Amino acid sequence: MVRTSGLKKHFTDPKTGLKKAVDGIDIEANPGRIFGLLGANGAGKTTVLRMLSTVIQPTAGTATVAGFDIVSQPGDVRANIGFMSSSTALYGRLTSREVLEYFGRLYGLSESRLAERMKYVVEKLQIEEFADRLCDKLSTGQKQRVSIARTILHDPKVLFFDEPTSGLDVVTSQTVMEFIEEARDLGKTVVFSTHIMSEVERLCDDLAVIHDGVIVAKGTPQSIKDLAGEQSLERAFLSLVKFQAGYVSSRESR
Amino acid sequence: MNNVATIVRKELREMFRDKRVRFNAFVMPIFLIVLMIQMFGFIMTAATGATKATVYLVSGSTQLGKMIEANGLNVKTVPTIEAGIKLIQEEKAKLVLFSQPPTTDGQIKLEAYFDPKQQMGNLALVGLQQAVSAENKKALVQTLQEKLIPEAAAEHIKLVPKEVKIGEKGAGQLIVALLPYMIVLFAFSGGMSMAADLVSGEKDKNTLETLLITPVLRNDIVLGKFLSLSVVCFLSSASCLVGMVLASMLKTPATKEMFNGGFGVTPMAAVTIILLLIPLVAFFASILIAISSYAKNPREAQTYLAIVNFIVIMPAIFSQVIGLTDFGNKLWINFIPVLNTANNIRAALLGKTDWTAVTITIVFSAVLAAIAIKVAVALFNREEVLVRV
């Protein structure tokens, strides 16, 4: 489970001053469900996922991941999460097998457990035929399969996906989405950030629309459409974002 | 420590598979040392040969020609002074001699024409001056003997050089000037090609975040990267010694000229060099890691590294000419980073290791390395540095 309360991340930019990348968000993602963070570029999705995966610390607020606090128990949080993004590269001068073994050891798997998990992910993601090829020599789709294998190698309870299909072709995107669905079916807690509406409609059980670092709507995809009074999620999203801006403008004009 | 060992193994595996690292860190120092030793040896041989160069004698002084030949110089003749000067202008002759008729008191004036801007001409003149001096001395001794005056009167003060050997047999002067500089230089530049990739490269390729979300402590990540970089810096530096061995095995006149003072790298000198290198390499590796952590991407890192490399080269260059001063024996020199190590390596190669100086240098370099690694760790733990893109 992932739960946040008033989570904030403020940066000080020497040129523009204080930037509120994330400004007090509350979300709850549960096991066996996919939680989507829907927002435009720069909305704060990646910053939220970076805080939840303990890469950066929140300015304020709290969050727990798999029952561990992200600030006081970062090591326990990291041991229970898997993180994947389409922009994450592999080590080009290592083979797929070496990459997986490297991360398996860093996650503290014993040699026997590592061998067992390696066998599982290599078979599951059909990596065997290129397992001993340098990652630099792999196709985009093969690289993505290795990335997925790396993400689930240590069998984490919580999975974070940061725009995992961005820039991928249709076939590779399909592999990634199938994998996310399978993770949900295995009872994992999945938090998934995207700006692609079709993916949200296909994958997400729960959804938060994030805009300028704040959540403007929360619920199931259907409830969000209902809230916006729109038939499609895309129109609902645009309406919600505009609604917020219009809301502020109308208040200011009063 | 298991995590650190895992990171070191992975980094070293990646580095040794990288052609740039293999070339810059290992092939380059060996190639440069062999090349420089052959080049300097060739220059030395040529300079020695220039003092025994061919001189052109304007026709008409057979006696003088025999005297010059007797002193090891080759003699050719030209018909006139003008013809000789033309040969100098065309760079076909280094030195042209014209002998004036003897004066009434028997002195022969020998006019030597040469181009003062040409080093070979100057060197040929030095050779001729030695020959003339030897001939004058011979004539004086003969005169003194005829007048029954003791030969010693020709040389009121006789200078007798006596070499004093201190410590072990050391290397030749040129090796001593060249090797410490190269050892220190490659301890830094050998690691440069991979340093940019180590952290800033991982930021650029977005592999760093995958590493940061593992349960491994960030300090362990830095330590693993630091240790693997130290290994490469050390091996790159040690490759200079391999280059020395290879150069000494070449059967060329240049090798003979360069190693006539001895090979210099005795077992004791090798141990001293290794002891001195360990803290220096740690210091350099920490600086490289700190720069790589601070930079946004490898290109930015390369820019910073080029500037720092220049700063490192400065004291290393000074170590080449420190033998022309007496600074090498001063205590304070052991507190100047980089130069202290180069100076102590120089002393070790000369067979004059001063263990007090070596100890001070090692301790001082270790303190600097500790400070630098602290800075590198602090930078690596700053999220605005680590995740900025």
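Since the model is a prediction, treat every value here as computed from it, not as a measurement.

A. Region of the structure containing the sheet that holds strand S4 (residues 34-38) of chain A. All names here are of chain A. Pairing in this open sheet of six strands is mixed, and the strands run S7-S8-S9-S4-S10-S11 from one edge to the other. The open sheet terminates on both sides in strands that have one partner only, identified here as strand S7 (81-85) and strand S11 (214-219). The mean angle between the axes of side-by-side strands here comes to 15 degrees, regardless of whether they run parallel or antiparallel. Sheet topology places strand S8 (residues 158-162) next to strand S9 (residues 189-194); five bridges connect them, and they run parallel. The partner of Asp 162 across the bridge, within S9, is Ser 193. Sheet strands in contact with helix H1 (residues 45-52) are S4, S7, S8, S9 and strand S10 (206-211), and its direction is about 150 degrees off that of S8. Packing of helix H5 (residues 140-152) onto the sheet brings it into contact with S7 and S8, and relative to S7 it is tilted by some 160 degrees.

B. Representation of the interface of chain A and chain B. Between chain A and chain B, the contact holds 29 residues from the first and 26 residues from the second. Both faces considered, chain A and chain B share a buried interface measuring about 2700 Å² in area, 56% of it formed by carbon and sulfur atoms. With a shortest N-O distance of 2.3 Å, Lys 9 of chain A and Glu 383 of chain B are connected by a salt bridge. Put simply, chain A and chain B have 14 residue pairs in polar contact (both at pLDDT 80 or more) between them. Put simply, the parts of the chain that give the side of chain A that touches chain B at least two residues each are helix H2 (74-79), S7 and helix H3 (96-106) of chain A. No other element matches the five residues that H3 of chain A contributes to the side of chain A that touches chain B. For the side of chain A that touches chain B, the per-class residue count stands at 14 nonpolar, eight polar and seven charged.

C. Structural view of the domain arrangement of chain B. What the domain assignment lists for chain B is domain 1 (2-41 + 169-386) and domain 2 (51-154). Summarising the inter-unit geometry, the C-alpha centres of domain 1 of chain B and domain 2 of chain B are found 52 Å apart.

D. Structural detail: unusual backbone geometry. One non-glycine residue, Gln 126 of chain A, lies in positive phi territory at about 50 degrees. Since its relative accessible area comes to 55%, Gln 126 of chain A is described here as exposed. Within the chain, Glu 91 of chain B stands out as a residue other than glycine whose phi angle is a positive 60 degrees. Mapped onto the secondary structure, Glu 91 of chain B falls in the loop between helix H4 (81-89) and strand S3 (95-99).

E. Looking closely at the side chain of Ser 236 of chain B. Residue and element names in this part refer to chain B. Here Ser 236 lies in helix H8 (residues 218-249). Classification of Ser 236 as buried rests on a relative accessible area of 0%. Aside from chain neighbours lying at most four places away, what touches Ser 236 is Ala 25, Phe 26, Pro 29, Phe 186 and Gly 190.

F. Just the pattern of salt bridges, in detail. Counted by the stated rule, this structure contains 32 salt bridges over all chains. For Arg 202 of chain A, the salt bridge goes to Glu 181 of chain A, with nearest N and O atoms at 3.0 Å. Here Arg 202 of chain A, found in helix H7 (residues 197-203), pairs with Glu 181 of chain A, found in helix H6 (residues 170-185); they are 21 residues apart in sequence, far enough to count as distant. When its relative accessible area of 32% is taken as the criterion, Arg 202 of chain A is described as partly exposed. Accessibility expressed as a relative area gives 19% for Glu 181 of chain A, which makes it buried. Several salt bridges converge on common partners, so that one network encompasses Lys 10, Glu 11, Glu 14, Glu 202 and Lys 225 of chain B.

G. The packing of aromatic side chains, seen in detail. Residue and element names in this part refer to chain A. The final tally for this structure, using the stated rule, is nine aromatic pairs over all chains. Considering the side-chain rings of Tyr 91 and Tyr 102, the 5.9 Å spacing of their centres and the 75 degrees angle between planes classify their relative orientation as edge-to-face. With Tyr 91 in the loop between S7 and H3 and Tyr 102 in helix H3, this residue pair connects regions lying 11 residues apart in the sequence. Take Tyr 91: its relative accessible area is 4%, and that puts it in the buried class. Take Tyr 102: its relative accessible area is 3%, and that puts it in the buried class. Both rings, one in Tyr 91 and one in Phe 103, keep their centres 6.3 Å apart while their planes meet at 15 degrees; by these two values the pair is stacked. Here Tyr 91, found in the loop between S7 and H3, pairs with Phe 103, found in helix H3; they are 12 residues apart in sequence, far enough to count as distant. Its relative accessible area of 1% is what places Phe 103 among the buried residues.

H. Spatial organisation of the side chain of Asp 220 of chain B. Take Asp 220 of chain B: it is sitting in helix H8. In this structure Asp 220 of chain B touches Asn 3, Val 4 and Ile 7 of chain B, once residues within four positions along its chain are discounted.

I. How the structure looks around the environment of Phe 226 of chain B. Here Phe 226 of chain B lies in helix H8. Between the C-alpha atoms of Phe 226 of chain B and Phe 283 of chain B, which are 57 residues apart in sequence, the distance is 10.0 Å.

Cut-offs used in this document
- Residues numbered from 1 in each chain as written.
- Chains lettered and ligands numbered in written order.
- Predicted model: local features only at pLDDT ≥ 70, side-chain atom pairs only at ≥ 80, totals over all residues.
- Heavy atoms only, no water.
- Pairing = 2+ DSSP bridges.
- Helix = DSSP H or I, 4+ residues; strand = E, 2+ residues; numbered from the N terminus.
- Axes fitted to C-alpha atoms, helices over the stretch in contact; angles between N-to-C directions.
- Contact = heavy atoms within 4.5 Å.
- Buried area = accessible area lost by both parts, 1.4 Å probe.
- Salt bridge = Lys/Arg side-chain N within 4 Å of Asp/Glu carboxyl O.
- Polar contact = N/O pair within 3.5 Å; in protein donor to acceptor, adjacent residues only side chain to side chain.
- Nonpolar A, V, L, I, M, F, W, Y, C, P; charged D, E, K, R; others polar.
- Domains from an automatic or database assignment.
- Buried < 20%, exposed > 50% of the residue type's maximum accessible area, 1.4 Å probe, protein only.
- Phe/Tyr/Trp six-rings, centres within 6.5 Å; stacked < 30°, edge-to-face > 60°.

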